Amino acid sequence: PFDDYAAVALLVWFGFTNIRDSLTMSPDEEDEEFKDAQETIEVAEASAVSDAQLEATGPIARMRLALQRDSVKVVVETFSLVFLAEWGDKSMLATVALAAAKSPIGVVVGGISGHLVATVIAVVGGSILGKYISEKNARLIGGVLFLVFAVLTLFGLY
């Protein structure tokens, strides 16, 4: 039960934080993330190759250069976030139990496949929703969903 109460507390905290951030966000802040991403790509392009080399490459090649520079950082940040979020989670404990009772290789392949599919759905869904929902509304919706999950967890429904 203690882990459920800790989960509820974190879900409530994340919910209120997201709602507060969305309500205090100015219209200028909504576009900042997009502008920051554009600036990052421009800086990566400029520092990776000379202007003459940039002109000789197409937009796809320029994008690849920018992605190569930032890809290691993104991988490390994403790994850290997922690892810390999953550590001690119910799904991790279930995986431990499965590995003890079943083939460890099968559990590894199944676990990786499950996370891969869930991550692809999240990334594709986030990319699509990002075109139609502002960052402010996304934070507000996320905050409300965190609170819903907190209530469901508190009553043992989730």
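Residues numbered from 1 in each chain as written. Predicted model: local features only at pLDDT ≥ 70, side-chain atom pairs only at ≥ 80, totals over all residues. Heavy atoms only, no water.

(A) Examining the side chain of T153 more closely. The topology assignment puts T153 in helix α8 (residues 135–154). For T153, the side chain forms a polar contact with the main-chain oxygen of F149, separated by 2.7 Å. (Helix = DSSP H or I, 4+ residues; strand = E, 2+ residues; numbered from the N terminus. Polar contact = N/O pair within 3.5 Å; in protein donor to acceptor, adjacent residues only side chain to side chain.)

(B) Spatial organisation of the pattern of salt bridges. Tallied over the entire structure, the rule returns three salt bridges. A salt bridge links D21 to R20, with the shortest nitrogen-to-oxygen separation between them at 3.2 Å. Ionic pairing is found between D21 and R139, a salt bridge with its closest N-O pair at 3.5 Å. Of this pair, D21 sits in helix α1 (residues 2–24) while R139 sits in helix α8; the two residues are 118 residues apart in sequence, bridging distant segments of the chain. Since its relative accessible area comes to 23%, D21 is described here as partly exposed. One connected set of salt bridges, linked through shared partners, spans R20, D21, E135 and R139. (Salt bridge = Lys/Arg side-chain N within 4 Å of Asp/Glu carboxyl O. Buried < 20%, exposed > 50% of the residue type's maximum accessible area, 1.4 Å probe, protein only.)

These results come straight from atomic positions and should not be treated as a statement about function.
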